Structure formats: structure tokens, C-alpha cells
Amino acid sequence: MPVKHKNVKSERNQIYFDCICGSVSSVVALFSITFVTIQKGILTPTYFIIGVSFWIGYLAVSIFMIGLGIYTYYREKNSDPEAIPKKKLKAPIV
């Protein structure tokens, strides 16, 4: 069983790394688009809107994945699937 847990933890770390790298690349791309726009202006509005919307969407998906990963990590950390419940629920008396 520990081997499986180790593999899951390794895969989760790989996903976190990919998401963090994706977020960093999105932020760098958005900064670059903004910098070039300030320096040279918008030459073709259609391509500018497509590029900015793509990178903003990519950044949003990356941040969502990181948040989801952190949320599931803390949920798994605070709950033990093998724990025995302390009190058993009883049916209400009708």
C-alpha cells in the first residue's frame, strides 16, 4: 500500500509542477503582450484580442488547477479513509 501512496504523491507533485510552470509562462506571456503593446501599439486588434484572451484563459485554468490540487491535498490530509467512525448514526424514532 505505501508504494501506491508514494506513486500518487509523485504524480501529484508532477501535476503541481506543471501547473506552476503553466502559470508562470502565462504571466510572462501576458507581461510580454502588455510590454509590446505599450512600446509598439496594437497593429492588428483581432490578433491582439485572440492572443490576450488565450493567455488569460490559460492563466485562469492554471490557477484553477493549482487551487483544486491544494484543496484536494488538504481534504486528503485531514481525512483518513481507514478511520473507524466514533459514533454510529441511529435511525430516528417515528
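Figured I'd write up the structure that's included with this text. Keep in mind that this is a model prediction, so the values were computed, not measured. (Residues numbered from 1 in each chain as written. Predicted model: local features only at pLDDT ≥ 70, side-chain atom pairs only at ≥ 80, totals over all residues. Heavy atoms only, no water.)

## Re the overall build of the chain
- Assigned secondary structure in the chain consists of 2 helices and 0 strands.
- For the chain, contacts bridging at least 24 residues in sequence account for 77% of all contacts bridging at least 6.
- Total accessible area on the chain is roughly 8,600 Å²; 69% of this is exposed by carbon and sulfur atoms. (Helix = DSSP H or I, 4+ residues; strand = E, 2+ residues; numbered from the N terminus. Contact = heavy atoms within 4.5 Å. Areas by Shrake-Rupley, 256 points an atom, 1.4 Å probe, with all protein chains shown as cover.)

## Comments concerning the layout of surface pockets
- Its volume calculated, the second largest pocket comes out at about 160 Å³.
- Around the second largest pocket sit Val8, Glu11, Arg12, Ile15, Tyr16, Met65, Leu68, Gly69 and Thr72, which together line it.
- Sorting the residues of the lining of the second largest pocket by element identifies α1 (2–40) and α2 (45–78) as the ones contributing at least two each.
- For the lining of the second largest pocket, the element with the most residues is α1, which contributes 5 residues.
- Looking at side-chain class alone, the lining of the second largest pocket contains 5 nonpolar, 2 polar and 2 charged residues. (1 Å grid on protein atoms, 1.4 Å probe; cavity = no way out; pocket = protein on both sides within 12 Å on 5 of 7 lines; lining within 4 Å. Points joined across faces, edges and corners; volume = space filled by probe spheres on them. Nonpolar A, V, L, I, M, F, W, Y, C, P; charged D, E, K, R; others polar.)

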